Amino acid sequence: GAVVSQHPSWVICKSGTSVKIECRSLDFQATTMFWYRQFPKQSLMLMATSNEGSKATYEQGVEKDKFLINHASLTLSTLTVTSAHPEDSSFYICSATGTVVAQPQHFGDGTRLSIL
Amino acid sequence: KQEVTQIPAALSVPEGENLVLNCSFTDSAIYNLQWFRQDPGKGLTSLLLIQSSQREQTSGRLNASLDKSSGRSTLYIAASQPGDSATYLCAVSNFGNEKLTFGTGTRLTIIP
């Protein structure tokens, strides 16, 4: 089945640094990728939707200058958390879907981000 | 705005029992509904996908039903096993290949 690879799986860094998370579709062309955030014991909340070659669409309340999303190819999307602070610590999960209508989203394994 | 609720938030049952997890959504104009499993600290595993025109889907010991008009879905797990312990999430899409709105999840514990 379709596989989505997310890297890194876990990162700890100091406050003020920027962190890049990669999401790759390994065996299909991902025309659309989604970035979700999950705080402890809460459900997933959509942050933004990215379509290959165009600017991402951010959900209300998500700072686009804080969470930079790039979807430059049909197999790769990146999320960069700029100048991260402790309140950005969370579990970030990407998903991808292809060109087939009603194709289910395929999820990565997530990235646990801890900002000290 | 679509809202998805899951009841109960947590459930513990002895091994071998059959159980039902519930999911309700406020906007019945959905495109499809998915059930996922999430193990602690891990990503999501898709269990079942039901299109809006379907009433149910089955995979092994799992059966998911959909009543779109009433805004409800259930996930039935037969002959539960300790390995079924996880958080179960339902999610709906209001348009094909579009974003998912997730429920609050049910944390399931199967007692050996």
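Residues numbered from 1 in each chain as written. Chains lettered and ligands numbered in written order. Predicted model: local features only at pLDDT ≥ 70, side-chain atom pairs only at ≥ 80, totals over all residues. Heavy atoms only, no water.

A. Expanded view of the sheet that holds strand β3 (residues 19–25) of chain A. Residues and elements named next belong to chain A. Spatial ordering of the open sheet is given by β1-β3-β8-β7, a layout of four strands whose pairing is antiparallel. Each edge of the open sheet is held by one strand with a lone partner, namely β1 (4–7) and β7 (67–73). On average, each strand axis in the sheet is tilted by 15° relative to the strand beside it, whichever way the strands run. One ladder, built from five bridges, connects β7 with strand β8 (residues 76–81); its direction is antiparallel. Bridge pairing in β8 places Ser73 opposite Leu76. (Pairing = 2+ DSSP bridges. Helix = DSSP H or I, 4+ residues; strand = E, 2+ residues; numbered from the N terminus. Axes fitted to C-alpha atoms, helices over the stretch in contact; angles between N-to-C directions.)

B. Spatial organisation of the pairing of strand β8 (residues 72–77) of chain B. Residues and elements named next belong to chain B. Of the two faces of β8, only one is covered, namely that formed by Ser73, Leu75 and Ile77; the face formed by Arg72, Thr74 and Tyr76 stays uncovered. For strand β3 (residues 19–25) and β8, the ladder comprises six bridges, and the chain directions are antiparallel. Following the sheet pairing, Asn22 is matched in β8 by Thr74. Relative to β8, strand β7 (residues 62–67) is paired through six bridges, and the arrangement is antiparallel. When the sheet's bridge partners are listed, Ala64 is paired in β8 with Leu75. What sits between β7 and β8 in their antiparallel hairpin is a turn of four residues, with Gly71 showing a positive phi close to 70°. (Buried < 20%, exposed > 50% of the residue type's maximum accessible area, 1.4 Å probe, protein only.)

C. Fine view of the packing of aromatic side chains. Throughout the structure, instances matching the rule amount to seven aromatic pairs over all chains. Here the aromatic rings of Tyr36 of chain A and Phe102 of chain B are separated by 5.4 Å at their centres, their planes lie at 85°, and the arrangement is edge-to-face. Here Tyr36 of chain A is found in strand β4 (residues 32–38), whereas its partner Phe102 of chain B is found in strand β10 (residues 100–102) on a different chain. Per residue, the accessibility class of Tyr36 of chain A equals that of Phe102 of chain B, and both read buried. With 5.6 Å between their ring centres and 40° between their planes, Phe36 of chain B and Phe102 of chain B make a pair best called tilted. Of this pair, Phe36 of chain B sits in strand β4 (residues 32–38) while Phe102 of chain B is found in strand β10, placing the two residues 66 residues apart along the sequence. (Phe/Tyr/Trp six-rings, centres within 6.5 Å; stacked < 30°, edge-to-face > 60°.)

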